[in-house]
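Descriptive analysis of the structure
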Amino acid sequence: MGTTVEGHAGQQAVAAMMQFGTDVMFTLNGGHIWPLYDAARDQGMRVVDTRHESAATFAAEAYAKLTRRPGFAALTAGPGITNGVSAITSAWFNGSPVVVMGGRAPELRWGSGSLQEMDHLPVVQSITKSAVTVKDSARAAAMVHDAAALAMAPHRGPTFLDFPLDVFGPSAGELPPVDSSVGRGSTPDPDEVAAIATMIAQADRPAFIVGSDVYWDGAWDELRAAVEHLRVPCFFNGLGRGMLPARHELAFLRTRGLLKQRADLVVVLGTPLDFRLGFGRFGNAQVAHVVDSESQRAGHVDVPTAAGDLATVLRAFAEHRAARDRGDWIAELRAAERVGAANDAALLAADTAPIKPSRIYGELAKRLADDAVVICDGGDFASYAGKFVEVQQPGCWLDTGPYGCLGSGMGYAIAARVARPSSQVVVLLGDGAAGFSLMDVDSLVRHGLPVVMVVGNNGMWGLEKHPMQAIYGWDVACDLQPGCRYDQVVTALGGGGEMVTDPREIGPAIDRGFAAGVPYLVNVITDPSDVYPRSSNLA
């Protein structure tokens, strides 16, 4: 049996979201959505407002990533919604459960030219799991409930509803209960699971690549049990980082290149076979794919695949017969990992001027707690984070994902401090990425959300400049202002910060940032000639 929610469509919408455990609304004020604020105030939902709708929507996505509950963004009509489109698209590519509610011009005057009269649905239909207009106020609670449940259903993703102004009159609606199985995937085909489990058991040199959907399914215990039983080395991307602690004997960071050379089986768990994974090709290794839903089966390669609840799949792996001895394979990878770590040590301690970006990560590594939330927003500078940062717990790594949309940093930071009030929150920004969202430091200040931001400031779009020079011998539209004082921007907005040009001052500056109690930006001037050793085929 459901419950009756007395009140306008906004009251019903907020009640529906709170039923899923969502207790924060991220927004930028607009008259079309005031009834949602009215409801949040009445029902005790926290409202966090930003300076741009993209930041609000990115914050909703990060809230979802950090809590594994539906994120909630409320955007005003017209430009409010179009300003959020890149962040909605990022959530679509990342498989993040975000419910976006938008304002809409009144239905009774539709076609008369009301303020910001626009049909949003065609704009967002291709980047959401559902996009609907709430036209019957008595159906608002049920429609929002359905949107949140759909967002949480594997394969997860954003949903969208807009509300014409004239559905916010006096009303009441029935709110269905939240099903206990919400967010759980379908039962996988046991024959498909058994076939992959047999491949693993028979392989001499298998490896797992663990992706975000394993995290979304909450399957860290099942993963650990499976890999410890089967003795399979693990590599990670996205929210898969931290699913095993980086210090675990079967967790590897620096030796993925060996998979193409030495592995005889690569099992990709909970992430697409896209450009990040060589489009599903690892030298001569067999490849198997485990996905959270039928929709995620790869269409461009023909590989053994199992689809369904990932925790169920991993439990079946853990119950499969014991595998052959993998001691030599694990030792080979561990030896290569030690060599890689030794090579990295010199980079992490580099004492050169100008500063090498790697030195920043050497200083961070000494200071990050196991539960620190690390946010990456940038090109080459953020790629160094993926190379050097070791993640010890689930839900502590937020990157842009396969859509690669810059500008997520401040929105992610807002949500990280809201969701993890006692953890360190570190935002790693390229100087190009900083230009997208730094004004939302004001939002961090206004809401009392201290974070540490570190800018790798090389005065360029490095991800574009160096490849253009290599291909053409020249570059254009790649240069930024050398030595730009991003720290002074943060100070002007009510935070703190400093510029660093001496590598010996990086660590003390980060310490001052953690102790500041306000948003604090460490602006590190880095070597413009440093080139990230990129090898991915992006297309």
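Relevant structure appears above.
**Focus on the packing of helix 8 (residues 190-202) against helix 12 (residues 310-319)**
- At a minimum axis distance of 10 Å, the contact between helix 8 and helix 12 shows a crossing angle of 45 degrees. By the criterion of interaxial angle, the relationship of helix 8 to helix 12 is oblique. In this structure, helix 8 meets helix 12 at a crossing whose hand is right-handed. Side by side, helix 8 and helix 12 meet where Val193, Ile196, Ala197 and Ile200 of the first sit next to Val313, Ala316 and Phe317 of the second.
- Each residue belonging to the contact of helix 8 with helix 12 can be placed in one class, and the counts come to seven nonpolar, no polar and no charged.

**Description of the environment of Val144**
- Along the chain, Val144 falls in helix 7 (residues 140-152).
- Take Val144: its relative accessible area is 0%, and that puts it in the buried class.
- Each C-alpha atom, one on Val144 and one on Ser383, is 37 Å from the other, the two residues being 239 residues apart in sequence.

**Some words on helix 8**
- For helix 8, which comprises 13 residues, the first-to-last C-alpha distance of 18 Å matches the rise-based estimate of 18 Å (1.5 Å per residue) to within 8%.
- For helix 8, every residue scored as buried is listed here: Val193, Ile196, Ala197, Met199, Ile200 and Ala201.
- Those residues of helix 8 that are buried are in contact with strand 9 (206-210), helix 10 (220-230), strand 11 (265-269), strand 12 (286-291), strand 13 (305-307) and helix 12.
- Residue Asp189 occupies the N-cap position of helix 8, its side-chain oxygen lying 2.8 Å from the main-chain nitrogen of Asp191.

**Side note on the sheet that holds strand 19 (residues 520-525)**
- Strand order across the open sheet formed by six strands is 15-14-16-17-19-18, with parallel pairing between neighbours. Of all strands in the sheet, those with a lone pairing partner are strand 15 (397-398) and strand 18 (496-500), marking the two edges.
- Where strand 14 (residues 373-377) lies against strand 15, two bridges are found, and the strand directions are parallel. Following the sheet pairing, Ile375 is matched in strand 15 by Leu398.
- Running over the sheet, helix 15 (residues 380-388) touches strand 14, strand 15, strand 16 (425-430) and strand 17 (452-457) and is turned about 135 degrees from strand 16.

**Quick notes on helix 7**
- Under the 1.5 Å per step criterion, the end-to-end length of helix 7 is 18 Å for 13 residues, consistent within 8% with the ideal 18 Å.
- Counted residue by residue, helix 7 has 10 buried out of 13 residues, so it is predominantly covered.
- Regarding helix 7, the residues found buried are Ala140, Ala141, Ala142, Met143, Val144, His145, Ala147, Ala148, Ala151 and Met152.
- Against the buried residues of helix 7 lie helix 1 (9-19), strand 5 (98-104), strand 6 (131-133), strand 7 (159-164) and strand 8 (172-175).

**Digging into the environment of Arg184**
- Checked against the element boundaries, Arg184 lands in the loop between strand 8 and helix 8.
- The exposed category is assigned to Arg184, whose relative accessible area is 54%.
- Those residues in contact with Arg184, other than ones at most four positions away along the chain, are Pro154 and Asp309.

**Focus: the pattern of salt bridges**
- Overall, the coordinates contain 34 salt bridges when judged by the stated rule.
- Across the pair Arg156 and Asp292 runs a salt bridge whose closest N-O atoms are separated by 3.7 Å. A residue pair is termed long-range when its members are at least 10 positions apart, and Arg156 in the loop between helix 7 and strand 7 and Asp292 in the loop between strand 12 and strand 13 qualify at 136 residues.
- A relative accessible area of 3% means that Arg156 is categorised as buried.
- For Lys356, the salt bridge goes to Asp530, with nearest N and O atoms at 3.8 Å. Here Asp530 lies in the segment after strand 19 and Lys356 lies in the loop between helix 13 (327-348) and helix 14 (357-365), a separation of 174 residues in the sequence.
- Since its relative accessible area comes to 26%, Lys356 is described here as partly exposed.
- Three or more residues joined by partner-sharing salt bridges are found here, namely Asp351, Arg359, Glu363, Lys366, Arg367 and Asp511.

**Re the packing of helix 1 against helix 2 (residues 34-43)**
- In the contact formed by helix 1 and helix 2, the axes pass within 8 Å of each other and the chain directions differ by 55 degrees. As summarised for this structure, helix 1 and helix 2 are arranged oblique, according to the angle between their axes. Between helix 1 and helix 2 the crossing geometry is right-handed. Along the contact surface, helix 1 presents Gly10, Gln11, Ala13, Val14, Ala15 and Met18, while helix 2 presents Pro35, Leu36, Asp38, Ala39, Ala40, Asp42 and Gln43.

**Overview of the pairing of strand 8**
- Side chains Gly173 and Leu175 project from strand 8 onto a buried face, and the interleaved Ala172 and Glu174 project onto a face without burial.
- Summarising the sheet, strand 1 (residues 3-6) and strand 8 pair through four bridges and their orientation is antiparallel. By the bridge assignment, Val5 is partnered in strand 8 with Gly173.

**Notes on the sheet that holds strand 12**
- Spatially, 10-9-11-12-13 is the arrangement adopted by the five strands of the open sheet, whose pairing is parallel. Since the sheet does not close on itself, it has two edges, and those belong to strand 10 (234-236) and strand 13, each with one partner. The sheet shows a mean angle of 15 degrees between the axes of neighbouring strands, taken without regard to direction.
- Examined bridge by bridge, strand 9 and strand 11 share five bridges and lie parallel to one another.

**Looking at the packing of aromatic side chains**
- Summed over all chains, the structure comprises 14 aromatic pairs.
- In this structure an aromatic cluster arises from ring pairing among Tyr361, Phe381, Tyr384, Phe388 and Tyr532.
- In this structure, Arg104 is placed above the aromatic ring of Trp110, and the distance from its NZ or CZ to the ring centre is 4.2 Å.

**With respect to the side chain of Asp309**
- Following the sequence through the fold, Asp309 ends up in the loop between strand 13 and helix 12.
- Of the side chains bearing the opposite charge, Arg315 lies closest to the buried Asp309, which forms no salt bridge; the N-O distance is 4.2 Å.
- Of the polar contacts made by the side chain of Asp309, one reaches the side chain of Thr312; its length is 2.6 Å.
- With sequence-adjacent residues up to four places away left out, Asp309 is seen in contact with Arg184, Gly185, Ser186, Pro188, Asp217 and Arg315.

Reading the values: the criteria
Residues numbered from 1 in each chain as written. Predicted model: local features only at pLDDT ≥ 70, side-chain atom pairs only at ≥ 80, totals over all residues. Heavy atoms only, no water. Axes fitted to C-alpha atoms, helices over the stretch in contact; angles between N-to-C directions. Helix = DSSP H or I, 4+ residues; strand = E, 2+ residues; numbered from the N terminus. Parallel < 35°, antiparallel > 145°, perpendicular 65-115°, else oblique. Left-handed = near helix turned anticlockwise from the far one by under 90°. Contact = heavy atoms within 4.5 Å. Nonpolar A, V, L, I, M, F, W, Y, C, P; charged D, E, K, R; others polar. Buried < 20%, exposed > 50% of the residue type's maximum accessible area, 1.4 Å probe, protein only. Expected span 1.5 Å × (residues − 1). Polar contact = N/O pair within 3.5 Å; in protein donor to acceptor, adjacent residues only side chain to side chain. Pairing = 2+ DSSP bridges. Salt bridge = Lys/Arg side-chain N within 4 Å of Asp/Glu carboxyl O. Phe/Tyr/Trp six-rings, centres within 6.5 Å; stacked < 30°, edge-to-face > 60°. Lys NZ or Arg CZ within 6 Å of the ring centre and 35° of its normal. Lys, Arg positive; Asp, Glu negative; His and termini not counted.

Any functional reading would require information that these geometric values do not contain.
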